[in-house]
Amino acid sequence: MSNNLIEISPEILSGTPVFKNTRVPIKTLIDYLSAGETIADFLDDFPTVTQEQAISLLKLAQETLLKQTYENIAG
């Protein structure tokens, strides 16, 4: 899933992880949400990112966080 979602290349923003086929850092979505903005606000400001990409990134972040949490508890 992440291979179709996230791109990391030294030629794009010095290797900053971006949404695939864009120059929009994935961290930007997290920053927007942390600041109280909505996904709609983010998509309006970054039209090269699709709603599907934004939602998929949040699902991936959720899955990763839960997996790490369970692994730490099972320790």
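Residues numbered from 1 in each chain as written. Predicted model: local features only at pLDDT ≥ 70, side-chain atom pairs only at ≥ 80, totals over all residues. Heavy atoms only, no water.

Novice: I'd like a description of the environment of S9, backed by residues and values.
Specialist: Within the element layout of this structure, S9 appears in the loop between β1 (6-7) and β2 (18-19). For S9, a relative accessible area of 13% puts it in the buried group. For S9, the contacting residues outside a window of four places in its chain are S14 and G15. Engagement of the side chain of S9 in a polar contact is seen with the side chain of E11, the distance being 2.7 Å. (Helix = DSSP H or I, 4+ residues; strand = E, 2+ residues; numbered from the N terminus. Buried < 20%, exposed > 50% of the residue type's maximum accessible area, 1.4 Å probe, protein only. Contact = heavy atoms within 4.5 Å. Polar contact = N/O pair within 3.5 Å; in protein donor to acceptor, adjacent residues only side chain to side chain.)

Novice: Go over helix α3 (residues 51-74) with me, naming the residues and quoting the values.
Specialist: In this model α3 runs 35 Å from its N-terminal to its C-terminal C-alpha over 24 residues, within 8% of the 34 Å that 1.5 Å per residue would give. Of the positions making up α3, those classed as buried are Q53, A54, L57 and L60. Residues of α3 that are buried make contact with β1, β2, α1 (26-34) and α2 (39-45). (Expected span 1.5 Å × (residues − 1).)

Novice: How would you summarise α1 if you had to cite specific residues and measurements?
Specialist: Burial in α1 covers these residues: I26, T28, L29 and Y32. End-on view of α1: buried residues confined to an arc of 155°, all on one side of the axis. In this structure, α1 carries K27 and S34 as exposed residues pointing more than 90 degrees from its buried face. The inward-facing, buried residues of α1 abut β1, β2, α2 and α3. A positive phi of about 90° marks G36, the residue just after α1. (Arc of directions from axis to C-beta.)

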